[in-house]
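# Observations on chain architecture
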Amino acid sequence: MQSAGAPPTEQRVAQSTNQGERFADKYYQSFGTVGRFYTDGSKVIWNGTPFLGADFKATVLPRLQKYYSRFEVAALDVHPLGDDAMVCVSGTVSAGGAKAQFSQQFVLRKESGLSYIVSDSFRLV
């Protein structure tokens with residue numbers, strides 16, 4: 001485990017970057033099945049409205065999956081946060097037949113070889 005106040009090692013930066021890039025590829029290419037990345041306790045803020053993961057997966061995500069049809073990532077930046085990683089993404093999304101710009105930040109945690117979302121903040125811009 002890395003100390004919260006210590007600068008990340010080069011190896012940790014590389015691990016975080018790899019984790020974030022792979023996660024983003026999976027998340028945006030398979031938006032119809034992204035519920036698997038959220039735990040019941042994940043904290044989600046979607047366009048300014050807060051949710052816990054269980055509520056988000058049950059009530060909001062099914063509607064979003066019908067409305068948002070295609071994500072195109074324009075920029076991706078990953079930052080190590082101790083043992084977690086923060087992934088900042090921006091791009092465009094096709095929504096209801098029109099394109100809109102979006103910004104999204106994830107905090108990811110990796111356990112047993114799988115990454116899951118600790119927190120997610122999404123905003124159409």
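Reading the values: rules and limits
Residues numbered from 1 in each chain as written. Predicted model: local features only at pLDDT ≥ 70, side-chain atom pairs only at ≥ 80, totals over all residues. Heavy atoms only, no water. Helix = DSSP H or I, 4+ residues; strand = E, 2+ residues; numbered from the N terminus. Expected span 1.5 Å × (residues − 1). Buried < 20%, exposed > 50% of the residue type's maximum accessible area, 1.4 Å probe, protein only. Arc of directions from axis to C-beta. Contact = heavy atoms within 4.5 Å. Pairing = 2+ DSSP bridges. Patch = residues over 30% accessible without salt bridge, like charges linked within 9 Å, V, L, I, M, F, W, Y side chains within 5 Å. Areas by Shrake-Rupley, 256 points an atom, 1.4 Å probe, with all protein chains shown as cover. Salt bridge = Lys/Arg side-chain N within 4 Å of Asp/Glu carboxyl O. Lys, Arg positive; Asp, Glu negative; His and termini not counted. Charge placed at Lys NZ, Arg CZ, Asp CG, Glu CD. pLDDT = per-residue confidence, 0-100. Bend = angle between axes of the 7 residues up to and from the residue. Axes fitted to C-alpha atoms, helices over the stretch in contact; angles between N-to-C directions.

As a further point, take helix α1 (residues 10–29). With 20 residues, α1 should reach 28 Å at 1.5 Å per residue; the first-to-last C-alpha distance of 29 Å fits that figure. Buried within α1 we find Arg-12, Ser-16, Gln-19, Gly-20, Phe-23, Ala-24, Tyr-27 and Tyr-28. The buried residues of α1 all sit within an arc of 135° when viewed along its axis, so they share a single face. In α1, the exposed positions angled more than 90 degrees off the buried face are occupied by Glu-10, Gln-11 and Gln-29. Next to the buried residues of α1 lie β1 (38–46), β3 (68–81), β4 (84–95), β5 (98–111) and β6 (114–124).

Bridge count for β1 against β6 is five bridges, and the pairing is parallel. Residue pairing for β6: Tyr-38 is matched across the bridge by Ile-117. Bridge count between β5 and β6: ten bridges; the pairing is antiparallel. Residue pairing for β6: Gln-105 is matched across the bridge by Ser-121. In this antiparallel pair of consecutive strands, β5 and β6, the connection spans two residues, and Ser-112 shows a positive phi of 55°.

Attention shifts here to a positive patch on the surface. On the surface, Arg-22, Lys-26, Arg-36 and Lys-110 cluster together to form a positively charged patch. By the secondary structure assignment, Arg-36 is in the loop between α1 and β1.

Mean pLDDT over the protein: 92, with 96% of residues reaching 70 or higher. Summarising per-element confidence for the protein, the mean pLDDT is lowest in α1 (93) and highest in strand β2 (residues 49–52) (98).

Moving on: the environment of Phe-37. Inspection of the secondary structure assignment puts Phe-37 in the loop between α1 and β1. Judged by relative accessible area, which is 7%, Phe-37 ranks as buried. Sequence separation of Phe-37 and Thr-17 is 20 residues, and the distance between their C-alpha atoms is 18 Å. When near neighbours in sequence (up to four residues on either side) are disregarded, Phe-37 contacts Phe-23, Lys-26, Tyr-27, Ser-115, Tyr-116 and Ile-117.

Okay, helix α2 (residues 53–67) next. At Val-60, α2 is bent by approximately 50°, the largest bend along its length, and proline Pro-62 sits one to four residues beyond. Residues of α2 that are buried include every one of Gly-53, Phe-56, Val-60, Leu-61 and Leu-64, and no others. Elements in contact with the buried residues of α2: β1, β2 and β3.

Another aspect to go through is the sheet that holds β5. Overall, mixed pairing links the six strands, which are arranged β2-β1-β6-β5-β4-β3 in an open sheet. Of all the strands in the sheet, the pair left with one neighbour each is β2 and β3. Mean inter-strand twist for the sheet, computed between neighbouring axes without regard to direction, equals 20°. For β3 and β4, the ladder comprises twelve bridges, and the chain directions are antiparallel. Counted as the bridge partner of Leu-76 is Val-89 from β4.

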